[in-house]
Each structure stands twice: as structure tokens, then as C-alpha cells.
Amino acid sequence: DAKTTQPTSMDCAEGRAANLPCNHSTISGNEYVYWYRQIHSQGPQYIIHGLKNNETNEMASLIITEDRKSSTLILPHATLRDTAVYYCIVKGWGKLQFGAGTQVVVTP
Amino acid sequence: GAGVSQSPSNKVTEKGKDVELRCDPISGHTALYWYRQSLGQGLEFLIYFQGNSAPDKSGLPSDRFSAERTGGSVSTLTIQRTQQEDSAVYLCASSVQTNSPLHFGNGTRLTVT
């Protein structure tokens, strides 16, 4: 599966949109982009996934570039409860492997 | 509906003892994963079951670790002759099929003294 590159950490002000970037330049045609998050001391939580079209659900939006080499997860109105490690994962038919993720801290 | 259930939630064992960790996936989910997470670290893939296919065991750290999935449902992760470095949270996840989102349990915190 393709590797991903994410910033180690980022801060976001409460109530503002949080834009989390992810690079996956070696992604292949049948691989999806998945986002999960892990709030301290809990199991990871699925957020959203997509193949090539932009996706939106009740939690977030996923914007995938036309060449599919990068994507951005958007949390439209960050709250303190969104403080977590966010993982961007590219996956085809096989196991799901987590990288180091981005530690997002939402501040009042 | 019921989510992924793991038991026990906490396990303390002495070095050298064997332990069994149990995972009850969501009913109907064909894929099942085990991960472990040491304190302050990321998630380490251990093993992956998909339907009736041979499991992907490529993440098991040593031959002291094994897992089985009976009847395509419940899974047991066994660690033989536990060592202190085995102390971690062991997480189980399941999904409807291989390309579906994973649903995680709350994990088993294993402490080897």
C-alpha cells in the first residue's frame, strides 16, 4: 500500500475550520484514501474515505486532488472534542496500516 | 447495534505466563484485524483475517504470538511466555469487507509484571 506523509502536529482555534493535509504521491488506481482519528485512550474512529471524488459526511469533508496525489480532511467547525491524532491511510485490497498521524490540538 | 467487543478490558499477568485476548466482531463482518499500541506509540499491525482466506500474519512480532478466528466470527489472540515488552493495549477491529471502514473495540490493556 502507498505511504502517506502528514505534518506531525497542528493547532486549530475552536470554531474555526481545521484543514489537515496528506500527501500520497505513490497512490495507485485501486487504492482508497481513509481518515481515522484516535482520541486519547480510545480506539481509533473512522471519519471518512474516498477514491477520487470529494466526499462529505456529518463529521468532515474529504477533498482529493485530481491527480490523487494528495488530499485534505476538513473539520468545518472544530471543537475541543476534536483534539486527537488524525491518521491518513491509503489502502487497497489488504491490511490497513497506520502511520504516525497528525496530532491536532483545538484551543479555546 | 452492538459494536466490537473485547475482553478482558484489563489483564495483568506475570512474565512467562500465557494470555488469551478475545475479540467479538460485529455480526456479519468478514474482515478482522488485531493491532497493538504501546504507551505513547502508534498502532502496530499484527494480523488480518478476511473471510475464509489464509490470514495475513506478517505483523506478528514473534512466534510467541498467534491468533485464530473460529467460524468466521470470534477471534482469540494468544501470547505465550509473555515478556515485559508485550505490555500494550491490544486493539481489535472488524469491517464488513476488506475495503469497508474499520470499527474498533476499546482494546485490552495488557500489563506484564
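Note that the coordinates shown come from a computational prediction; the quantities given were computed from them, not determined experimentally. (Residues numbered from 1 in each chain as written. Chains lettered and ligands numbered in written order. Predicted model: local features only at pLDDT ≥ 70, side-chain atom pairs only at ≥ 80, totals over all residues. Heavy atoms only, no water.)

### Regarding the interface of chain B and chain A
Turning to step 1, where the next piece is worked out: The interface is formed by 16 residues belonging to chain B together with 17 residues belonging to chain A.
Turning to step 2, where the next piece is worked out: A combined buried area of about 1,500 Å² lies between chain B and chain A, and 55% of that area is made up of carbon and sulfur atoms.
Turning to step 3, where the next piece is worked out: Among the residues chain B hides against chain A, the three largest losses belong to B:Leu43, B:Asn99 and B:Pro101. Together they make up 38% of the total.
Turning to step 4, where the next piece is worked out: Across the contact surface, chain B and chain A share one salt bridge.
Turning to step 5, where the next piece is worked out: Salt-bridge contacts for A:Lys95 lead to B:Asp56; the nearest nitrogen and oxygen are separated by 3.3 Å.
Turning to step 6, where the next piece is worked out: Among the secondary structure elements, those contributing two or more residues to the side of chain B that touches chain A are strand 4 (31-37) and strand 5 (44-50) of chain B.
Turning to step 7, where the next piece is worked out: Here the side of chain B that touches chain A gets three residues from one element, more than from any other, and that element is strand 4 of chain B. (Contact = heavy atoms within 4.5 Å. Buried area = accessible area lost by both parts, 1.4 Å probe. Salt bridge = Lys/Arg side-chain N within 4 Å of Asp/Glu carboxyl O. Helix = DSSP H or I, 4+ residues; strand = E, 2+ residues; numbered from the N terminus.)

### Describing the confidence of the model for chain A
Turning to step 1, where the next piece is worked out: Taken residue by residue, chain A gives an average pLDDT of 93. The fraction at 70 or more is 98%.
Turning to step 2, where the next piece is worked out: Mean pLDDT per element in chain A: strand 8 (residues 84-91) of chain A is the minimum at 94, and strand 6 (residues 61-64) of chain A is the maximum at 98. (pLDDT = per-residue confidence, 0-100.)

### Focus on the layout of surface pockets
Turning to step 1, where the next piece is worked out: Approximately 640 Å³ is the volume found for the largest pocket.
Turning to step 2, where the next piece is worked out: A:Gln38, A:His40, A:Ser41, B:Gln37 and B:Gly40 are, among the 29 residues lining the largest pocket, the residues nearest its centre.
Turning to step 3, where the next piece is worked out: The leading source of residues in the lining of the largest pocket is strand 10 (residues 108-112) of chain B, at four residues.
Turning to step 4, where the next piece is worked out: Per-class residue counts for the lining of the largest pocket are 10 nonpolar, 18 polar and one charged. (1 Å grid on protein atoms, 1.4 Å probe; cavity = no way out; pocket = protein on both sides within 12 Å on 5 of 7 lines; lining within 4 Å. Points joined across faces, edges and corners; volume = space filled by probe spheres on them. Nonpolar A, V, L, I, M, F, W, Y, C, P; charged D, E, K, R; others polar.)

### Quick look at the state of the cysteines
Here a disulfide denotes a covalent bond joining the sulfur atom of one cysteine to the sulfur atom of another.
Turning to step 1, where the next piece is worked out: In this structure the tally under the stated criterion is two disulfides over all chains.
Turning to step 2, where the next piece is worked out: The disulfide that involves B:Cys23 links it to B:Cys92, with 1.9 Å between the sulfurs. Because the torsion about its S-S bond is -65 degrees, the bridge between B:Cys23 and B:Cys92 counts as left-handed. Taken together, the residues B:Cys23 in strand 3 (residues 19-24) and B:Cys92 in strand 8 (residues 88-95) connect sequence positions 69 residues apart.
Turning to step 3, where the next piece is worked out: Under the relative-accessibility criterion, B:Cys23 is labelled buried at 0%.
Turning to step 4, where the next piece is worked out: A:Cys22 provides the cysteine sulfur closest to A:Cys12, a residue in no disulfide bond, and the two sulfurs are 18 Å apart.
Turning to step 5, where the next piece is worked out: Using a relative accessible area of 7% as the deciding quantity, one classes A:Cys12 as buried. (Disulfide = S-S within 2.5 Å. Buried < 20%, exposed > 50% of the residue type's maximum accessible area, 1.4 Å probe, protein only.)

### Things to note about the pattern of salt bridges
Residue and element names in this part refer to chain A.
Turning to step 1, where the next piece is worked out: In the structure shown here, the tally under the stated rule is six salt bridges over all chains.
Turning to step 2, where the next piece is worked out: Between Asp 82 and Arg 37 there is a salt bridge whose closest N-O contact spans 2.8 Å. Taken together, the positions of Asp 82 in the loop between strand 7 (70-75) and strand 8 and Arg 37 in strand 3 (residues 32-38) put the pair 45 residues apart, joining distant regions of the chain.
Turning to step 3, where the next piece is worked out: Judged by its relative accessible area of 12%, Asp 82 falls in the buried class.

### Here's the deal with the sheet that holds strand 1 (residues 9-13) of chain A
Residue and element names in this part refer to chain A.
Turning to step 1, where the next piece is worked out: The strand order 1-9-8-3-4 describes an open sheet built from five strands, whose pairing is mixed. A strand with exactly one partner marks an edge of an open sheet, and here the two such strands are strand 1 and strand 4 (45-50). Averaged over all pairs of adjacent strands, the angle between their axes in this sheet comes to 25 degrees, without regard to strand direction. (Pairing = 2+ DSSP bridges. Axes fitted to C-alpha atoms, helices over the stretch in contact; angles between N-to-C directions.)

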